[in-house]
Amino acid sequence: MASLTSNASCNPSSISVSGKKTSTGTISWSTPSIPSGATINSCTLTGNASSFTTGSRGATLTINGTSVSSGSSFTINLGTDTSVKSVTASFSGSHNQTNTSVTLSNLVYTVSYTVAATYTVTFVDWNGNVLKTQTVTAGNGATAPSNPSRTGYTFVGWDKSFTNITSDLTVTAQYTILQYTVTFVDYDGTTLKTQIVTYGSSATAPNNPTREGYEFIGWDVQFDNITSNLTVTAMYQEVQNTTSSESSVCLGDLTLSNMYIGDMVIERIYIGEYQMK
């Protein structure tokens, strides 16, 4: 699992310890800020000790049980327990009864810790609109937002897995387009054609149907932007009979004549050779 290692430090006050026999001093500090969930690798105290008399009858210095040499820098390992906030410096004076002292300076308390890396997971819709942004610890999974919606489409999931995040990631919503059935029928309900059409598309009409005594004049509804199942019915107009005939009756000089054009009757009256009507 990816991780980041860092240090947090603070500076305890310098102290002086002196004495002919043994004297002690306390080095204390406040725990520095450490990220929540961090793994502590080590805690150390570093500093410098001033010169003091050494030798077979000289002074000795220990910090938290660790011997520190005269005029040297030192590192005291304090394990991984950040609740430890102080240590004791013990200084034993020289045996020649000369009052001896040591100063501890440049003190630094350091915590080394490791935190898991974090990454940004961004969920976006089909058009790039951000649906959700989440910060995820490396190796963990992201949580998807509520399923989005899109007119004319069905949401079917996301384009990639987001259960084990190891880098910044963009996850895009996936959809399938809806399909509808367009049925073309004749005047009597007979199916002329059935077609599956995707949302927003157009259907294609069958060849113009025929009907005895009628003329096909089109379809009863539009079918160029399909958004639901649709039935389209053929429309007709009755064909007019244009056949003509004529009959007449003569009554002396009076002639009654009827002309028939289809269902229409034209009545004419003649007196002699003159038409009256």
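One structure accompanies this document, and this report is about it.

Digging into unusual backbone geometry
- A positive phi angle, close to 55 degrees, is found at Asn64, a residue other than glycine.
- The phi dihedral of Asn106 is positive, around 50 degrees, even though this residue is not glycine.
- Following the sequence through the fold, Asn106 ends up in strand β9 (residues 100–116).
- Overall, Asn106 belongs to the exposed group, its relative accessible area being 51%.

Here we look at the side chain of Thr183
- Tracing the backbone through its elements, the reader meets Thr183 in strand β14 (residues 179–185).
- Not counting chain neighbours up to four residues away, the residues in contact with Thr183 comprise Thr191, Lys193, Thr194, Leu230, Thr231 and Val232.

Observations regarding the packing of aromatic side chains
- By the definition in use, this model includes 10 aromatic pairs.
- Cation over ring: Arg150 sits above Trp126, and NZ or CZ is 3.7 Å from the ring centre.
- Stacked on the ring of Tyr187, the Lys or Arg Arg211 has its end atom at 3.7 Å from the ring centre.

Comments concerning the sheet that holds strand β5 (residues 60–63)
- In space, the 4 strands of this open sheet follow the order β3-β8-β5-β6, with antiparallel pairing throughout. Lying at the two open borders of the sheet, with one neighbouring strand each, are β3 (22–28) and β6 (66–68). This sheet shows a mean twist of 25 degrees between the axes of neighbouring strands, independent of strand direction.
- Pairing between β5 and β6: 3 bridges, direction antiparallel. When the sheet's bridge partners are listed, Ile63 is paired in β6 with Thr66.

With respect to the pattern of salt bridges
- One pass over the full model with this rule turns up 1 salt bridge.
- Residues Lys160 and Asp159 are paired through a salt bridge, measuring 2.9 Å at the closest nitrogen-oxygen approach.
- A relative accessible area of 35% means that Asp159 is categorised as partly exposed.

Structural notes on the environment of Arg150
- Locating Arg150 in the fold gives a position in the loop between β11 (130–137) and β12 (153–158).
- Classification of Arg150 by relative accessible area gives partly exposed; the value is 21%.
- Sequence-wise, Arg150 and Asp125 are 25 residues apart; in three dimensions their C-alpha atoms are separated by 9.2 Å.
- Look past the residues within four positions of Arg150 in its chain and what remains in contact with it is Trp126 and Tyr175.

Observations regarding the nonpolar core
- One finds Ile27, Leu45, Ile63 and Leu104 to be the most contacted residues of the largest nonpolar core, which totals 24 residues.
- At the level of secondary structure, the elements contributing two or more residues to this core comprise β2 (15–19), β4 (39–49), β5, β7 (73–77), β8 (86–92) and β9.
- Element by element, the count of residues in this core is highest for β9, at 5 residues.
- In this structure Ile63 touches Ile27, Leu45, Val68, Phe74, Ile76, Val87, Thr88, Ala89 and Leu104, once residues within four positions along its chain are discounted.
- The next biggest cluster of nonpolar side chains, apart from the first, holds 15 residues, and it includes Val121, Phe155, Phe162 and Ile165.

A few points about the side chain of Gln134
- One can find Gln134 in strand β11.
- Assessed through its relative accessible area of 19%, Gln134 is described here as buried.
- Only 2.8 Å separates the side chain of Gln134 from the backbone nitrogen of Thr143, close enough to count as a polar contact.
- Discounting residues that sit within four places of it in the chain, Gln134 has contacts with Tyr119, Thr120, Val121, Ala142 and Thr143.

Examining the sheet that holds β11
- A sheet is described by the order of its strands in space; here 4 strands give the open sequence β11-β10-β13-β12, paired in mixed fashion. The open sheet has two edge strands, β11 and β12, and neither has a second partner. Averaged over neighbouring strand pairs, the angle between their axes works out to 25 degrees when direction is ignored.
- Looking at chain direction, β12 and strand β13 (residues 169–177) are connected through 5 bridges and run antiparallel. Across the sheet, residue Thr154 finds its bridge partner in β13, namely Thr176.

Cut-offs and rules
Residues numbered from 1 in each chain as written. Predicted model: local features only at pLDDT ≥ 70, side-chain atom pairs only at ≥ 80, totals over all residues. Heavy atoms only, no water. Helix = DSSP H or I, 4+ residues; strand = E, 2+ residues; numbered from the N terminus. Buried < 20%, exposed > 50% of the residue type's maximum accessible area, 1.4 Å probe, protein only. Contact = heavy atoms within 4.5 Å. Phe/Tyr/Trp six-rings, centres within 6.5 Å; stacked < 30°, edge-to-face > 60°. Lys NZ or Arg CZ within 6 Å of the ring centre and 35° of its normal. Pairing = 2+ DSSP bridges. Axes fitted to C-alpha atoms, helices over the stretch in contact; angles between N-to-C directions. Salt bridge = Lys/Arg side-chain N within 4 Å of Asp/Glu carboxyl O. Core = buried A, V, L, I, M, F, W, Y, C linked by side-chain atoms within 4.5 Å. Polar contact = N/O pair within 3.5 Å; in protein donor to acceptor, adjacent residues only side chain to side chain.

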